[in-house]
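The primary structure of each chain is shown beneath.
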Amino acid sequence: MAVRKAADGTQDEVVDHPLEDDAPTDLSAQEHEQVEEHRNLRPLAVYEVIRREGVEELRRPVASLWWSGLAAGLSIGFSVVAEGALHAHLPDAPWRPIIESIGYSLGFLIVILGRYQLFTEITLTAVLPVLADPTRTALAALARIWGVVFAANMVGTAIFAALLSTRVILPAEIDAGILALSRELATLTPTDALVRGIVAGWLIATVAWLLPSAEHSRVIIIVALTGLISLLQLSHVVSGSVEIFYLTALGEIGLGKALGGFILPLLVGNMIGGSALFALLAYGQVKDEMKDDEAAAPPAGSRKPAPAQTRQEKPALPNPGRQPAKNVSRETMT
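The rules behind each value
- Residues numbered from 1 in each chain as written.
- Predicted model: local features only at pLDDT ≥ 70, side-chain atom pairs only at ≥ 80, totals over all residues.
- Heavy atoms only, no water.
- Helix = DSSP H or I, 4+ residues; strand = E, 2+ residues; numbered from the N terminus.
- Buried < 20%, exposed > 50% of the residue type's maximum accessible area, 1.4 Å probe, protein only.
- Contact = heavy atoms within 4.5 Å.
- Areas by Shrake-Rupley, 256 points an atom, 1.4 Å probe, with all protein chains shown as cover.
- Core = buried A, V, L, I, M, F, W, Y, C linked by side-chain atoms within 4.5 Å.
- Salt bridge = Lys/Arg side-chain N within 4 Å of Asp/Glu carboxyl O.
- pLDDT = per-residue confidence, 0-100.
- Axes fitted to C-alpha atoms, helices over the stretch in contact; angles between N-to-C directions.
- Parallel < 35°, antiparallel > 145°, perpendicular 65-115°, else oblique.
- Phe/Tyr/Trp six-rings, centres within 6.5 Å; stacked < 30°, edge-to-face > 60°.
- Expected span 1.5 Å × (residues − 1).
- Patch = residues over 30% accessible without salt bridge, like charges linked within 9 Å, V, L, I, M, F, W, Y side chains within 5 Å.

A.B. asks: Got a minute to help me understand the overall build of the chain in this structure?
C.D. replies: The helix and strand inventory of the chain stands at 12 helices and two strands. Taken from the N to the C terminus, the helices and strands of the chain come in the order β-β-α-α-α-α-α-α-α-α-α-α-α-α. Taken over 334 residues, the chain has a buried fraction of 46%. Taking all contacts inside the chain whose residues are at least 6 apart in sequence as the whole, residues at least 24 apart take part in 80%. Summed over its atoms, the accessible surface of the chain is roughly 16400 Å², and 61% of this surface lies on carbon and sulfur atoms.

Written as structure tokens, this is what we have:
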């Protein structure tokens, strides 16, 4: 029986595996620590990190969610500005979209590293706790955070687009670049927007899934995966709404078409890609491990480990007086 230190500073007893007998015995203590540091997080550990973040988000007050979502909506506008600026200043060459996609990542870097509430990101983080404990209260909390954050994101992008439409903030050539990119998005049919939104929602959920394991490469992952949305001409409901609201403010498309023909299909697509597909698959790959962990728990009435060696309990969903249905907290995060 070994004791392994977890990510939160606590310790857990770990049952030795027969394959551990083949481990080299001539490594120093420092080398053993280096080996542990370079081990990747298990899928269940990644799931638990994201699930706990989701629980914290579900507990946040409405006012906090609103202001954080508003900041995200305003900040994501810089993706459109940076991409439009590169589009305006780069020559019309085959490699230009590759460089433009890097500019598109700017807003996502601000939002994700700034810990703002972006609707497409919480389609994964807020869903995982509900999949583990699908009560009415949990579902109501999920609907609350989705509604508040999405509304705040849309208000933020609408304000940003309205400011851009004045054409007094940015140089004329950058305005022209933003207008060209916005018109490209406006050529999509609702079906195209839905399908491309599904793939974009999957990529954003992938970012959220990879970040817990990316201690020193967070920026690279965010730039690579969000830039891929631009490079593949996919559609993201929050950043895309900046372009759609920009055209609406200029009078090129009506508000009804903006909402029904673009925003709604993108919203549904992002939700399908991030929640119905990625979140379910992420939960499915660890569900049996969670059950095995519960089966390995000591029977009731047996002696428990000392407090210093006991992992902290799974944080409950926003449901006072009710204990969570499952306990996955006994798994160790390496």
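A.B. asks: Teacher, can you tell me more about the nonpolar core here?
C.D. replies: If you look at soluble globular proteins, the nonpolar side chains tend to sit buried side by side. Grouped together as the largest cluster of nonpolar side chains are 75 residues, with contacts concentrated most on Tyr47, Phe108, Leu124, Leu128, Ile145 and Trp209. For this core, the element with the highest residue contribution is helix H7 (residues 136-165), accounting for 12 residues. Residues within four places of Leu124 in sequence aside, it is in contact with Ile50, Ala205, Ala208, Trp209, Gly274, Phe278 and Ala279.

A.B. asks: Which parts of the structure should I look at to understand the pattern of salt bridges?
C.D. replies: Under the criterion given, the structure shown has five salt bridges. Across the pair Glu48 and Arg51 runs a salt bridge whose closest N-O atoms are separated by 2.9 Å. Residue Glu48 and its partner Arg51 are located together in helix H2 (residues 43-59), separated by three residues, close to a single helical turn. Here Glu48 matches Arg51 in class, with each residue buried. Ionic pairing is found between Arg96 and Asp92, a salt bridge with its closest N-O pair at 3.6 Å. On the basis of relative accessible area, Asp92 is assigned to the exposed category, the value being 69%. Each of the salt bridges in this network shares a partner with another, and the network as a whole consists of Glu48, Arg51 and Arg52.

A.B. asks: Please clarify how the confidence of the model for the chain should be interpreted in this entry.
C.D. replies: Confidence in the prediction for the chain averages 79 pLDDT; 74% of positions are at 70 or higher. Long-range and interchain partners of residues 300-315, a stretch whose pLDDT sits below 50, account for 34 contacts in this model, where long-range means more than four residues apart. Considering only residues more than four positions removed or in separate chains, one finds that residues 319-334, a stretch of pLDDT under 50, has 58 contacts.

A.B. asks: Could you clarify how one ought to interpret the packing of helix H8 (residues 172-185) against helix H11 (residues 237-250) in this entry?
C.D. replies: Axis angle and axis distance: for two packed helices, these are the angle between their axes and the distance between the axes, and together they describe the pair. Contact geometry for H8 and H11: axes closest at 9 Å, N-to-C directions at 105°. The angle between H8 and H11 falls in the class roughly perpendicular. For the pair formed by H8 and H11, the contact residues are Asp175, Ile178, Leu179, Leu181, Ser182, Arg183 and Leu185 on the first element and Gly240, Glu243, Ile244, Tyr246, Leu247 and Leu250 on the second.

A.B. asks: Which parts of the structure should I look at to understand the packing of aromatic side chains?
C.D. replies: Counted by the stated rule, this structure contains four aromatic pairs. Between Tyr104 and Phe108 the ring centres are 5.4 Å apart and the planes differ by 50°, which places this aromatic pair in the tilted class. Linking Tyr104 with Phe108, this pair stays in helix H4 (residues 96-113), spanning four residues, or about one helical turn. Exposure class is identical for Tyr104 and Phe108. Each is buried. Through a chain of ring-to-ring contacts, three or more aromatic side chains come together here, namely Phe119, Trp146 and Phe150.

A.B. asks: I keep staring at helix H9 (residues 190-210) and nothing clicks. Help me out?
C.D. replies: Structurally, the α-helix is built with 3.6 residues per turn, so residues lying three or four positions apart point the same way. For H9, with 21 residues, the first-to-last C-alpha span of 30 Å sits near the 30 Å given by 1.5 Å per residue. Inspection of H9 places Ala193, Gly197, Ala200, Gly201, Leu203, Ile204, Ala205, Thr206, Val207, Ala208 and Trp209 among the buried residues, and these make up the whole buried set.

A.B. asks: Would you explain a nonpolar patch on the surface in this entry?
C.D. replies: A cluster of nonpolar side chains, namely Trp95, Ile98, Ile99, Ile102, Leu231 and Leu232, defines an oily patch on the protein surface of about 530 Å² accessible area. Considering each element in turn, the nonpolar patch owes the most residues, three residues, to H4. Counting through the fold element by element, Ile98 comes out in helix H4. Overall, the relative accessible area of 47% leaves Ile98 in the partly exposed class.

A.B. asks: Got a minute to help me understand the environment of Glu184 in this structure?
C.D. replies: By the secondary structure assignment, Glu184 is in helix H8. Taking the C-alpha atoms as reference, Glu184 lies 9.3 Å from Gln233; in sequence the two are 49 residues apart.

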